[in-house]
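The residues making up each chain are set out below.
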2 protein chains.
Amino acid sequence: MTKKRPRAHAPRRPAAGRTATIKRVADHARVSIATVSRAFADPQAVSPELRLRVEEAARTLNYQPSRAARALRSGTSRAVGVVIPDLENPFFTAVVRGIDIVLQAAGYTLLLASANEDTARERNVLETLRAEGVAGIIFVPINATRDAYRHVLAPPLHTVVIDRLPSNLRADHVTVDNVEGTRAGVTHLLDLGHRDVALLSGPLRHSTAKEREQGYEQALRAAGVPLRADLVYRGDFREGGGYDGMRTLLALPRRPTAVLVANNLMTLGAFRALHEARVRIPDEVALVGFDDMPWATSLNPPLTAIGQPSQEIGSAAADLLLGRIAHPDRTFRHVMLETTLVVRASSGTAVRPPRTRPAAGPHHRRAPVTS
Amino acid sequence: MTKKRPRAHAPRRPAAGRTATIKRVADHARVSIATVSRAFADPQAVSPELRLRVEEAARTLNYQPSRAARALRSGTSRAVGVVIPDLENPFFTAVVRGIDIVLQAAGYTLLLASANEDTARERNVLETLRAEGVAGIIFVPINATRDAYRHVLAPPLHTVVIDRLPSNLRADHVTVDNVEGTRAGVTHLLDLGHRDVALLSGPLRHSTAKEREQGYEQALRAAGVPLRADLVYRGDFREGGGYDGMRTLLALPRRPTAVLVANNLMTLGAFRALHEARVRIPDEVALVGFDDMPWATSLNPPLTAIGQPSQEIGSAAADLLLGRIAHPDRTFRHVMLETTLVVRASSGTAVRPPRTRPAAGPHHRRAPVTS
DNA sequence: GATTCGCGTGAAAACGTTATCACGCCATGG
DNA sequence: CCATGGCGTGATAACGTTTTCACGCGAATC
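On a predicted model such as this, the values are computed, not experimentally measured, just so you know.

The two copies are related by a screw motion: chain B maps onto chain A through a turn of 180° and a shift of 0.0 Å along the axis, at an RMSD of 0.1 Å. One copy is carried onto the other by what is essentially a two-fold rotation axis. When the interface residues of chain B are mapped onto chain A, 100% of them are again interface residues, pointing to one common binding face.

Set out below in structure tokens:
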């Protein structure tokens, strides 16, 4: 069971004829491996002369530090996990693109996972990412309560939340001003003379749905238009929900003359329902959709939309995460971005410029607010 | 420079109050770490009694093997890189979804990167994935020649190519039957009585564009309709290309009465151009698009489309990759999937069932062909 | 009844890093 | 002049696995 003399083991070839290890660089530069490591991690800690030798050796040998070894030893990897509810919703993919750009530039790798709108799957995926040893996670939560995410918040892992914010969750997060966006959209319809303005909303457990309803109510109140409960339909934020909702509205004894749809997929469903019923847009029903999408101009008529700076939402989230990795103890930040009303034909001929803020130029970002 | 006595080093806490290491499991089960490792890697190599003890210990300690250590030691990780040209093209995201599902089930992690249709970026991204030590790469190449990808093919890395196949590239790959798909689409238009059928195609360096043109020509030839060179427009497979192409076609002295658009984004552009010019679809111009998209039914009129089994393309690719990881030396395989013509209003009232193969049921996949 | 074989197990090397400690050196201060 | 301190460098432990080798043991073989 015990024995004395040392053994000679057959070393396994590493991954392949792969490139240099830190040791080969060290030999080539005639320094120790510690110096090589330092030359990369903290360049000014090593004398200029040696640093140069190391850099050159690394270049000629085409040295790429092993991420696995680095992760194993330091316990942290340069990878960031991104979890979205649905890969096929273009809003989310645009957000991911924004994240990707920032992360790429910072030398991080992006691990993407889709939860497919499934709570169990989301949990599973978050666990995997954590086991994978990512440096942080950016995600769009499905659930509305913090409890579902307690395990994600465990210290070594940094978290940034996008779009929907679970109640009581303390974390950096990025949202858009849903209240103001919707208010602007509804006000636009009111300005065009509509009085029976309906709202196709989503599940109230989503903060976005709640906020968009608030914006809707604010706009009506400000215009002195009484709220009609039957004009608010709550769908599921999916295509079918928009379809069903629009059909319900069309069947009302007093049909709305304008509808604001609170989500991009539902907008598609609403369009389908209107076309099917041969209702003319915008003459019989004017339409405004939340979320500007690539296909908005190809719809017939082109869609008036409340655009979110999707890509910028992603970049902001990535910035937030990188900032927190650098300063783990700073207070949580909440970045809120503005929406932009893009007026096209589906809301009717614009008789005057929309009553939102004057075109704000390229800057949408509001000053960060510490929550 | 040299010294004799051993040193006591302060051990760094690993990633955090993280869970058990293999050592703790071993202690708890009163076996060696080797046995624990074996109990997972090759269960039948360890006696049932010990295996049970190990399994129980792992469960109570909530043991998750460190991926980093595993990757470092074995030189291969359970991660797969996926590279697509554009994150915001729903065709690609649907493919990714298919990949994701298979990979997830097999316990692999998906590293997604978008090349943003940029060759340099693509190269960069592939390098990163290789450095990351992924077990394999599934990708939709931007370039048409093998040379651009020679570095990816280096042995330890397995590659599966999707959609477009660079010439001379020897690798597993998955495509759809573009020739047959287009042929069916054009034939459908011919069956409806059209004779001036145009094609909005893409860059010929893409194998997909070439094949779709072939299908177009085959259909015309089969119907005895002479080819008109001015009816084939080659765009860039982006929205703008479809818009420009359609405008060009509309400006022809002898305008086509039907158009097949060879790509989803170009279809959106074509719709926009038609709406702008107030051309009635399908009365003045009938339309068929390659690629069925979620929004196809929301267009006005709903789009007749040549659908690709996008998600299935992804699963097939993932299957291929897993197969190759298991059997590195098997011959390369080429899986070709069928398309499905979905007739909607944009091609005009279907006076008779389309002349494609009879509805094939849920099975699209053709028997794999070794290339 | 001695040899061979196979099987299950444990000890320990190795993977490629990072981070700690110790050491030699030179400058500084008493 | 000697003690103190800082700085640059090298040697090396440690991270948590996988995998090789050796060993003990019981069964099969001659």
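Turning next to helix H7 (residues 178–191) of chain A. In an α-helix, one turn spans 3.6 residues; hence positions three or four apart end up facing the same way. Residue and element names in this part refer to chain A. Between the first and last C-alpha of H7 there are 20 Å, a value that for 14 residues agrees with the 20 Å anticipated at 1.5 Å per step. Most of H7 is tucked away, with 14 of its 14 residues classed as buried. Gly-193 sits one or two residues past H7 and shows a positive phi near 105°.

Here chain A averages 85 in pLDDT, while 87% of its residues score no lower than 70. Considering only residues more than four positions removed or in separate chains, one finds that residues 1–18 of chain A, a stretch of pLDDT under 50, has seven contacts.

With that settled, consider helix H10 (residues 264–276) of chain A. All names here are of chain A. Under the 1.5 Å per step criterion, the end-to-end length of H10 is 19 Å for 13 residues, consistent within 8% with the ideal 18 Å. Burial analysis of H10 places eleven of its 13 residues in the buried class, the great majority of the element. If you follow the buried residues of H10, they end up packed against helix H5 (90–105), strand E6 (197–201), helix H9 (239–250), strand E8 (258–261) and strand E9 (286–290). Looking at the residues trailing H10, positive phi occurs at Arg-278, about 55°.

If charged atoms from side chains of opposite charge come close, those side chains can pair. Evaluation of the coordinates by the stated rule reveals 33 salt bridges over all chains. Close ionic contact of B:Asp100 with A:Arg121 constitutes a salt bridge, the shortest N to O distance being 3.0 Å. Of the two residues, B:Asp100 sits in helix H5 (residues 90–105) while A:Arg121 sits in helix H6 (residues 119–132), which places them in two different chains. Since its relative accessible area comes to 5%, B:Asp100 is described here as buried. A salt bridge links A:Asp283 to A:Arg280, with the nearest nitrogen and oxygen atoms 3.3 Å apart. Of the residues examined, A:Asp283 reaches a relative accessible area of 57% and is grouped as exposed.

This next bit is on the nonpolar core. If you look at the biggest cluster of nonpolar residues, it comprises 148 residues, and the most contacted ones within it are A:Ile138 and B:Ile138. Among the nonpolar cores identified, the runner-up in size contains 34 residues, and A:Ala113, A:Ala115, A:Val134 and A:Leu169 belong to it.

Residue and element names in this part refer to chain A. Overall, mixed pairing links the six strands, which are arranged E7-E6-E8-E9-E10-E12 in an open sheet. Single-partner strands in this sheet number two, and they are strand E7 (232–234) and strand E12 (340–342). Taken pair by pair, the neighbouring strands of this sheet meet at an average axis angle of 15°, ignoring direction. Each of E6, E8, E9, strand E10 (304–307) and E12 touches H7; the most contacted strand, E9, lies at about 170° to it. This element, H10, spans E6, E8 and E9 of the sheet and lies at about 160° to E9.

Here the focus is the sheet that holds strand E8 (residues 258–261) of chain B. Residues and elements named next belong to chain B. Strands sit in the order E7-E6-E8-E9-E10-E12 across an open sheet of six strands; the sheet is mixed. The open sheet is flanked by strand E7 (232–234) and strand E12 (340–342), the only strands paired with a single partner. On average, each strand axis in the sheet is tilted by 15° relative to the strand beside it, whichever way the strands run. The sheet contact formed by strand E6 (residues 197–201) and E7 spans three bridges and is parallel. If you follow Leu-199 over to E7, its bridge partner there is Val-232. Relative to strand E9 (residues 286–290), helix H10 (residues 264–276) is tilted by about 160°, and along the sheet it contacts E6, E8 and E9.

The next point concerns the interface of chain B and chain A. Between chain B and chain A, the contact holds 48 residues from the first and 48 residues from the second. Both faces combined, the contact of chain B with chain A buries some 4400 Å², and carbon together with sulfur accounts for 53% of it. On the chain B side of the contact with chain A, B:Glu88, B:Arg97 and B:Ser298 bury the most area, a combined 13% of that side's loss. Counting every contact that joins chain B to chain A gives four salt bridges. The salt bridge partner of A:Glu88 is B:Arg97, with a shortest N-O separation of 2.8 Å. Between chain B and chain A we count eight residue pairs in polar contact (both at pLDDT 80 or more) in total. Listed by contribution, the elements that provide at least two residues to the side of chain B that touches chain A are helix H4 (67–74), H5, strand E2 (109–114), helix H6 (119–132) and H10 of chain B. Considered class by class, the residues forming the side of chain B that touches chain A number 19 nonpolar, 16 polar and 13 charged.

What follows is about the pairing of E9(B). All names here are of chain B. Of all five residues in E9, five are buried; the element is thus mostly enclosed. Burial of E9 is two-sided: the residues Ala-286, Val-288 and Phe-290 facing one way and the residues Leu-287 and Gly-289 facing the other way are all buried. Direction of pairing for E8 relative to E9: parallel, over a ladder of four bridges. Bridge pairing in E9 links Ala-258 to Ala-286. Regarding topology, H10 serves as the crossover connection from E8 to the parallel E9, and that connection is right-handed.

How each quantity is defined
Residues numbered from 1 in each chain as written. Chains lettered and ligands numbered in written order. Predicted model: local features only at pLDDT ≥ 70, side-chain atom pairs only at ≥ 80, totals over all residues. Heavy atoms only, no water. Least-squares fit on C-alpha atoms with pLDDT ≥ 70 in both. Contact = heavy atoms within 4.5 Å. Helix = DSSP H or I, 4+ residues; strand = E, 2+ residues; numbered from the N terminus. Expected span 1.5 Å × (residues − 1). Buried < 20%, exposed > 50% of the residue type's maximum accessible area, 1.4 Å probe, protein only. pLDDT = per-residue confidence, 0-100. Salt bridge = Lys/Arg side-chain N within 4 Å of Asp/Glu carboxyl O. Core = buried A, V, L, I, M, F, W, Y, C linked by side-chain atoms within 4.5 Å. Pairing = 2+ DSSP bridges. Axes fitted to C-alpha atoms, helices over the stretch in contact; angles between N-to-C directions. Buried area = accessible area lost by both parts, 1.4 Å probe. Polar contact = N/O pair within 3.5 Å; in protein donor to acceptor, adjacent residues only side chain to side chain. Nonpolar A, V, L, I, M, F, W, Y, C, P; charged D, E, K, R; others polar. Right-handed = clockwise from strand over helix to strand, strands pointing away.

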